[in-house]
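# Residue-level structural notes
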2 protein chains.
Amino acid sequence: MSEAYDIVIVGAGPVGLMLAACIARMGNYKVKHIDIRPERTQIGRADGIQARSLDILRNMGLKRPIMAYDPGKIYEVAFWNSSQLCGAIHRTGTWRSYPDFIDTRYPFTTILHQGRIEKIFIEDLEKYGMYIDRPWTVSGFRNDSEDPVYPVLVDLAHVDGEQKTTVKTKYLFGADGARSFVREQLGVKMIYKDPTVYVWSVIDGVVRTDFPDIQGNNVVRVYVQLVLPTGGQDLRKLVTESKVQQAANEILSPYSIEWDRVDWHSTHQPKAGQGMNYGFLDALNFAWKFHLVESGFAKRSILTTYEEERQQMAQKLIDFDAKYAALFSTRPPSTNEVEDAVRFMDRDDAVETNEFVKTFKQSTEFTSGYGAEYSPNHLNWSSTHPAKSTFFSPLGIGLRPGRVFPPVTVTRVFDATVAHLEQEVPQNGSYRIYIFAGNPATTSRALSDFTANLQEDRSFFSSYRRDDITSVSYENRHNPHSLFFTFCIIFNTARARLEIDEVLPNILAQYRYHVYADDIPCHRTQNSRAAAHIKLGIDKDRGGVVVVRPDGYVGCSLALVEGAGTVEGINDYFAPITTKPLGKLNVA
Amino acid sequence: MSEAYDIVIVGAGPVGLMLAACIARMGNYKVKHIDIRPERTQIGRADGIQARSLDILRNMGLKRPIMAYDPGKIYEVAFWNSSQLCGAIHRTGTWRSYPDFIDTRYPFTTILHQGRIEKIFIEDLEKYGMYIDRPWTVSGFRNDSEDPVYPVLVDLAHVDGEQKTTVKTKYLFGADGARSFVREQLGVKMIYKDPTVYVWSVIDGVVRTDFPDIQGNNVVRVYVQLVLPTGGQDLRKLVTESKVQQAANEILSPYSIEWDRVDWHSTHQPKAGQGMNYGFLDALNFAWKFHLVESGFAKRSILTTYEEERQQMAQKLIDFDAKYAALFSTRPPSTNEVEDAVRFMDRDDAVETNEFVKTFKQSTEFTSGYGAEYSPNHLNWSSTHPAKSTFFSPLGIGLRPGRVFPPVTVTRVFDATVAHLEQEVPQNGSYRIYIFAGNPATTSRALSDFTANLQEDRSFFSSYRRDDITSVSYENRHNPHSLFFTFCIIFNTARARLEIDEVLPNILAQYRYHVYADDIPCHRTQNSRAAAHIKLGIDKDRGGVVVVRPDGYVGCSLALVEGAGTVEGINDYFAPITTKPLGKLNVA
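Just so it is clear, the model here is predicted, and its values are computed rather than measured. (Residues numbered from 1 in each chain as written. Chains lettered and ligands numbered in written order. Predicted model: local features only at pLDDT ≥ 70, side-chain atom pairs only at ≥ 80, totals over all residues. Heavy atoms only, no water.)

A count of helices and strands for chain A gives 17 helices and 20 strands. Its C-alpha radius of gyration of 26 Å places chain A within 12% of the 25 Å reference for a compact globule of 588 residues. In chain A, which comprises 588 residues, the proportion classed as buried is 54%. Look at the contacts in chain A between residues 6 or more apart in sequence, and 71% of them connect residues 24 or more apart. (Helix = DSSP H or I, 4+ residues; strand = E, 2+ residues; numbered from the N terminus. Rg over C-alpha atoms; globule rule 2.2 N^0.38 Å. Buried < 20%, exposed > 50% of the residue type's maximum accessible area, 1.4 Å probe, protein only. Contact = heavy atoms within 4.5 Å.)

On to the interface of chain B and chain A. Each partner contributes residues to the interface: chain B has 30 residues there, and chain A has 30 residues. When the two sides are added together, the surface that chain B and chain A hide from each other amounts to roughly 2,700 Å², 44% of it contributed by carbon and sulfur. When residues of chain B are sorted by the area they lose upon contact with chain A, R64, Y75 and Q215 of chain B head the list and together hold 20% of the total. At the junction of chain B and chain A, the tally comes to six salt bridges. Close ionic contact of R495 of chain A with E76 of chain B constitutes a salt bridge, the shortest N to O distance being 2.5 Å. At the boundary of chain B and chain A, one finds six residue pairs in polar contact (both at pLDDT 80 or more). The set of elements that each furnish at least two residues to the side of chain B that touches chain A consists of helix 3 (63-67), strand 6 (89-96) and helix 10 (335-346) of chain B. Sorting elements by how many residues they give to the side of chain B that touches chain A places helix 10 of chain B first, with three residues. Within the side of chain B that touches chain A, the residues separate by chemical class into eleven nonpolar, nine polar and ten charged. (Buried area = accessible area lost by both parts, 1.4 Å probe. Salt bridge = Lys/Arg side-chain N within 4 Å of Asp/Glu carboxyl O. Polar contact = N/O pair within 3.5 Å; in protein donor to acceptor, adjacent residues only side chain to side chain. Nonpolar A, V, L, I, M, F, W, Y, C, P; charged D, E, K, R; others polar.)

For a regular strand, side-chain orientation follows a simple rule: the groups alternate between the two sheet faces. All names here are of chain B. The element strand 17 (residues 485-491) is extensively covered by neighbouring structure, given that seven of its seven residues are classed as buried. Taking every second residue as pointing to the same face, both faces of strand 17 are buried, with F485, F487, I489 and F491 on one and T486, C488 and I490 on the other. Examined bridge by bridge, strand 16 (residues 431-438) and strand 17 share seven bridges and lie parallel to one another. Bridging across to strand 17, Y431 finds its partner in F485. (Pairing = 2+ DSSP bridges.)

Between chain B and chain A, the superposition needs a rotation of 180° and an axial shift of 0.1 Å, giving an RMSD of 0.0 Å. The symmetry that links the two subunits is that of a two-fold axis. Residue H523 of chain B of chain B places its C-alpha closer to the rotation axis than any other residue of that unit, at 2.9 Å. (Least-squares fit on C-alpha atoms with pLDDT ≥ 70 in both.)

What follows deals with helix 7 (residues 241-252) of chain B. Residues and elements named next belong to chain B. Along its twelve residues, helix 7 runs 17 Å from first to last C-alpha, staying within 8% of the 16 Å computed at 1.5 Å per residue. Among the residues making up helix 7, those that are buried are V244, Q245, A247, A248 and L252. Down the axis of helix 7, the buried side of the element spans an arc of 160°, and every buried residue falls inside it. (Expected span 1.5 Å × (residues − 1). Arc of directions from axis to C-beta.)

All names here are of chain A. Here chain A is partitioned into domain 1 (3-71 + 112-185), domain 2 (190-275 + 293-332) and domain 3 (409-574). Summarising the inter-unit geometry, the C-alpha centres of domain 1 and domain 3 are found 34 Å apart. In this complex, domain 1 contributes seven residues to the contact, which on the side of domain 3 involves twelve residues. Across the interface of domain 1 and domain 3, roughly 820 Å² is buried in total on both sides, 38% from carbon and sulfur atoms. In this assembly, domain 1 and domain 3 are joined by zero salt bridges. Where domain 1 touches domain 3, the interface holds seven residue pairs in polar contact (both at pLDDT 80 or more). Broken down by secondary-structure element, the contributors of at least two residues to the side of domain 1 that touches domain 3 are helix 1 (14-26) and helix 2 (51-59). Take the side of domain 1 that touches domain 3: its biggest share by element is four residues, from helix 2. (Domains from an automatic or database assignment.)

Note that the residue after R134 of chain A, namely P135 of chain A, is joined by a cis bond; omega there is -10°. Within the secondary structure layout, P135 of chain A lies in the loop between helix 4 (114-127) and strand 8 (136-142). The omega torsion across S253 of chain B and P254 of chain B is 15°, close enough to zero to call that bond cis. For P254 of chain B, the location among the structural elements is in the loop between helix 7 and strand 13 (257-268). Not every positive phi belongs to a glycine, and A416 of chain A is a case in point at roughly 65°. Assignment of secondary structure puts A416 of chain A in the loop between strand 14 (409-412) and strand 15 (418-420). Take A416 of chain A: its relative accessible area is 5%, and that puts it in the buried class. Phi at S393 of chain B is positive, roughly 40°, even though this residue is not glycine. According to the relative accessible area criterion, S393 of chain B is partly exposed, its value standing at 27%.

Strand order across the open sheet formed by three strands is 3-7-4 (chain A), with antiparallel pairing between neighbours. Edge positions in the sheet fall to strand 3 (48-49) and strand 4 (72-74) of chain A, since each has one partner strand and no second.

The next thing to look at is helix 17 (residues 565-574) of chain A. All names here are of chain A. Of all ten residues that make up helix 17, nine are buried, and the element is covered over most of its length. Buried within helix 17 are the following residues: G565, T566, V567, G569, I570, N571, D572, Y573 and F574. For helix 17, the secondary structure elements touched by its buried residues are strand 16 (431-438), helix 12 (440-454), helix 13 (460-463), strand 19 (544-548) and strand 20 (554-559).

Below, the discussion takes up the packing of helix 2 (residues 51-59) of chain B against helix 8 (residues 275-294) of chain B. Packed helix pairs are characterised by how far apart their axes lie and by the angle those axes make with each other. Residues and elements named next belong to chain B. Contact geometry for helix 2 and helix 8: axes closest at 9 Å, N-to-C directions at 40°. Compared by their axis directions, helix 2 and helix 8 come out oblique. For the pair helix 2 and helix 8, the crossing hand works out as left-handed. Within the contact between the two elements, helix 2 uses R52, S53, I56 and L57 and helix 8 uses N277, F280, L281 and L284. Across the contact of helix 2 with helix 8, the residue classes break down as five nonpolar, two polar and one charged. (Axes fitted to C-alpha atoms, helices over the stretch in contact; angles between N-to-C directions. Parallel < 35°, antiparallel > 145°, perpendicular 65-115°, else oblique. Left-handed = near helix turned anticlockwise from the far one by under 90°.)

Here we take up the pairing of strand 16 of chain B. All names here are of chain B. Strand 16 sits mainly inside the fold: eight of its eight residues count as buried. Of the two faces of strand 16, both are covered, the one formed by Y431, I433, I435 and A437 as well as the one formed by R432, Y434, F436 and G438. Two elements, strand 16 and strand 19 (residues 544-548), share five bridges in a ladder whose sense is antiparallel. The residue bridging F436 from the neighbouring strand is G544, located in strand 19.

This brings us to the packing of aromatic side chains. Overall, the coordinates contain 70 aromatic pairs over all chains when judged by the stated rule. Ring geometry for Y573 of chain B and F574 of chain B: centres 5.1 Å apart, planes at 55°, overall tilted. Comparing Y573 of chain B with F574 of chain B, the two get one shared label, buried. Of note, K30 of chain A hangs over the ring of Y5 of chain A, and the distance from its end group to the ring centre comes to 4.9 Å. (Phe/Tyr/Trp six-rings, centres within 6.5 Å; stacked < 30°, edge-to-face > 60°. Lys NZ or Arg CZ within 6 Å of the ring centre and 35° of its normal.)

Considering all chains together, one arrives at 74 salt bridges over all chains under this definition. The shortest N-O distance in the salt bridge between R512 of chain B and D501 of chain B comes to 2.9 Å. You can see R512 of chain B sitting in the loop between helix 15 (506-509) and strand 18 (515-517) and its partner D501 of chain B sitting in helix 14 (residues 500-503), a full eleven residues away along the chain. Several salt bridges share partner residues, and in doing so they unite D6, K170, E294 and R300 of chain A into one network.

The tendency in soluble globular proteins is for nonpolar side chains to be buried as a group. Judged by nonpolar contacts, the single largest core of 113 residues is most densely connected at I7, Y431, F450, F460, F487, I489 and F574 of chain A. Ranked by residues supplied to this core, first place goes to helix 8 (residues 275-294) of chain A with twelve residues. Residues in contact with F450 of chain A, not counting those within four places in the same chain, are I435, F487, L508, V545, L560, T566, V567 and I570 of chain A. Judged by nonpolar contacts, the second largest core, of 112 residues, contains F79, F366, Y370 and A446 of chain B. (Core = buried A, V, L, I, M, F, W, Y, C linked by side-chain atoms within 4.5 Å.)

Attention shifts here to the sheet that holds strand 16 of chain A. Residue and element names in this part refer to chain A. Taken together, the seven strands give an open sheet; going across it, the order is 15-14-18-17-16-19-20, and neighbouring strands pair in mixed fashion. Every interior strand has two partners, whereas the edge strands, strand 15 and strand 20, have only one. Across the sheet, the axes of successive neighbouring strands diverge by a mean angle of 30°, strand direction being ignored. Across three bridges, the pairing between strand 17 (residues 485-491) and strand 18 (residues 515-517) is parallel.

We now examine the packing of helix 1 (residues 14-26) of chain B against helix 4 (residues 114-127) of chain B. Residues and elements named next belong to chain B. Relative orientation of the contacting elements helix 1 and helix 4 amounts to 25°, with a least axis distance of 10 Å. With respect to helix 4, the axis of helix 1 lies roughly parallel. Every pair of crossing elements has a handedness; the one defined by helix 1 and helix 4 is left-handed. Contacts from P14, L17, M18, A20, A21, A24 and R25 of helix 1 reach helix 4 at Q114, E118, F121, I122, D124 and L125. Residues of the contact of helix 1 with helix 4, tallied by class, amount to nine nonpolar, one polar and three charged.

Laid out in structure tokens, this is it:
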């Protein structure tokens, strides 16, 4: 008898670890996690955590251990260029890593050694009783199990020893890197579109230099961009350490850089340095869909959206990457151009005609992680979605399905804490339904109608109540009724004026840890009252509802209306993916 | 031969530990630190860290280990009162712990068990090679050493064993609590002013209750205020645990509270719960004066300002405490009254005639720690200070000597980090001289004159240069010229427009880690440009200079002028306390 697992994860780099850490938070899944290396990363590799990744890590409670290392934070990029007069380089400008139009709480890239990132995940997983078997590798896998529940057989082998085993599993996740065995076995090829390719050669170490922008303790990472022919050659042989050092010195002339110590040297395709970060988003995207299917909420068909959404995103990155590298190889921007671009971009009505502005904007969106926008499908509402209610995407709404739910600051009524609303529901695989309840006097009827309709047959609420609903503890306060969803309710009123049991019907009052007052000023809305409502484009009296996917992307938004319309809209939104029929919509 | 120490610290509660941790950061001092207890606090005692204390702890790098415990944060206070109709209590209002007029980055009280606070300090001290000898006690001390450098002899004894020793020291610091042996030996009496006294009886434990404001895991601390006759009786015998529990139940009626477990029970005089926090400020106040004297910068006479400043502060607290307790014993405020009070207080021009508003405002200032204002003396400039330059306290300045230098957010030019200016110089015993340099085009001449005058004979700059000035490393970047002071330079311009070596003369350019752009919007100044200049009331073109004491309180402010005036003003400001004659002022 083979041991049976819900999932086998191959690879314990940041991506495989992120997947395991997500799954650990969602349910009691049986995970087999292997890694070919005898120990975690010791030197080099990835180190830049983009802002969107930091959001996600914070939502998992992992931002604090990251910050405990006092990591570097990159707030800006400096440009040095040679002048035509003397040939020597000089600083021609700086630009902020994340200009103002990137709406983030963390306008910087966090620099932490991959080994430390892995350590944080590994220690986190240990709290859930999850461990990595190493050094183990996959020697093969196939789809011929006799067990219909666990259709995949995976052969595992100890790297050094004689041990071998075959396990059966529902899912096999290959997070085994650029030379993935899993991918190779499945016949998924690397596709090179261009005859040449930009390559980043990277060296970590300690330098002696007179280059003015290197200060402090002189521990540096230097990237040198090279143009090479494509074709799958071993770049490590093609690009030697001394060649790269020489190239760096030529570029930095008249300054020089000497290496007292080299810790690591490697070469990769640039992808705006986004490998780990895109992998994080892959892992999270897969995790919640896996969870909704395995816990009986969603149909298996939602799994196809994983490849659809993530492949599209990867393709955009690859396409952009070539364009970006080419742009900077031809003409670097001046300070004025950068400033003009930022000013221009901050105007929502501006039509972008300048190629530089467009590319610049895209680059910051890519490197921050907020540029990601998932296209319309059953998860991201649009007019092509089966749900056709006129209440979707109400007039003025500032949120687009498929985009990140932005940072919004409110007061938590329960304990008057200043709360970051987008972080209030921890990463646990639940849909997050934000009821912006406007003025309590105006929405009182709408809220009671909403609550009444929640309890109708075939509502998403009635259909997916948890079994242990009568004994839900403080630990389960985010999900008093169901693990499929949770509510947050935000009133446009001062916290001191709010008495939860007076303004909310009993069902919603059970989300008392998730009731908020929209009474914190925000400089993006000129400190007006109701800053959160205004920022999101939600009517500050009549309110509105936003359904956010478990990964923090907007699924749909609706008006908050009297009568059955709002709940029916949500039922229809969920109907195409749920295992039970919801609402009046007939979905195949 | 007795062992010789710079200081003997008696007591390793939060106050003694704070002193040791401050001193560790200031110089290489030899410290003997003893505590009568065999181990650190395990249960009960202090737990509320006020915002001002958190500022100080952050400046020492200790906020992160505090937050690693995920401590409670008290953002608000709820009032429950019995109605005249039915006698049952109900919630009559909430109020924010720190209303808007308290200008802090941390508008909450941080709740962390005293044992954990001690642990954080102890682990910090270990990094400096400092340890606490325990259980040891002082058996006596006297002023008859034959060594003029170490005039105090202290007899120490092991609590359990036979070990005894006598050490000699320059200073003896008694942080040995409410029943201090050091104080008793010196004949310093406790003075009771009133015939009765308000007493807080406190119980820590786990409860079962239907009181709606207790939720979560039911681990609570309950204080019950009692009125007792004064006279130094043993309150522990007078106020038993069961009496307090009974009183709590009477107060909470019709709700009940039963104790599943009691961890700790004690009684103390309220002092707005500020014992530990005031002690922190005592320790810091003493530490930097001790350091300036012992490192040869300041005359011994500044030590008298320790008692003067801290005793005044303690007296204000004691006076206020009685008033505060009395106010709430007679009539608690309604929500409307609290809101009106806050609105009223936010108007700077409002004359406070309402006793409730006054007391309310004072209470939040006391409990936040920002209300502390040191009176004029040689450290806190006023028109009575020996320095008489007309450039002091320029028109419009929003800073008062003796008050905390407030939070200001700017961009650090060196790495474009969004920086909290008031935190930029770590706690190291140096004066912090903030040069707000306004518009670089306007102040260019003033800055070069300032720099030229720094280098004149008898300037504070020339007089206290460090010996190792030619070999100052990155680790000493805060103090390239002297341990007596450091500079921060803040320009009113966008970071991208600033090139340090172009806008600053060489001397000031050496503070390149402390050059800032005032380009971050702030909601308190309606997001105008130059928010930091405007908030502090500094001319946004012509700038100004603020000298901040090593403990973060404003010492003086001056106009930034062309010619010698600004540096001469600073020389005169320092002259009364320095060991060397400064400037033209003749100070005895």
